Amino acid sequence: MRTEPHTGDVRHHKPKHLAEKFEGMVGIIMVAAIVLLAVGLIYGILITGSPDPKWMQ
């Protein structure tokens, strides 16, 4: 609850819904997923020693 200094009106805080909270986190989740996939790809290439998948060798 906040009081506007110039009018004296009380402005109630509107609580965020779960969907609105999730919507704000979508960008962060997408970046985290991309980073995890990239790390997994690099790890897989380093472990096998070849950029070709095992089933293609």
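Basis of the calculations
- Residues numbered from 1 in each chain as written.
- Predicted model: local features only at pLDDT ≥ 70, side-chain atom pairs only at ≥ 80, totals over all residues.
- Heavy atoms only, no water.
- Helix = DSSP H or I, 4+ residues; strand = E, 2+ residues; numbered from the N terminus.
- Buried < 20%, exposed > 50% of the residue type's maximum accessible area, 1.4 Å probe, protein only.
- pLDDT = per-residue confidence, 0-100.
- Expected span 1.5 Å × (residues − 1).
- Bend = angle between axes of the 7 residues up to and from the residue.

## Details of the overall build of the chain
Stage number 1. Looking only at helices and strands, the chain features one helix and two strands.
Stage number 2. Written out in order from the N terminus, the α and β elements of the chain read β-β-α.
Stage number 3. Of all 57 residues assigned to the chain, the portion counted as buried reaches 4%.

## Focus on the confidence of the model for the chain
Stage number 1. Predicted confidence across the chain gives a mean pLDDT of 78, with 70% of residues reaching 70 or more.
Stage number 2. Highest mean pLDDT in the chain belongs to helix H1 (residues 18-48) (89); lowest belongs to strand E1 (residues 2-3) (54).

## Here's the deal with H1
Note that an α-helix has 3.6 residues per turn; residues three or four places apart therefore point the same way.
Stage number 1. Counted at 1.5 Å a residue, the expected span for H1 with its 31 residues is 45 Å, and the 43 Å between its end C-alpha atoms agrees.
Stage number 2. A bend of about 40 degrees at Met25 is the largest found in H1.
Stage number 3. Across the 31 residues of H1, zero count as buried, placing the element largely on the outside.
Stage number 4. In the stretch just after H1, Gly49 is the one whose phi turns positive, near 80 degrees.

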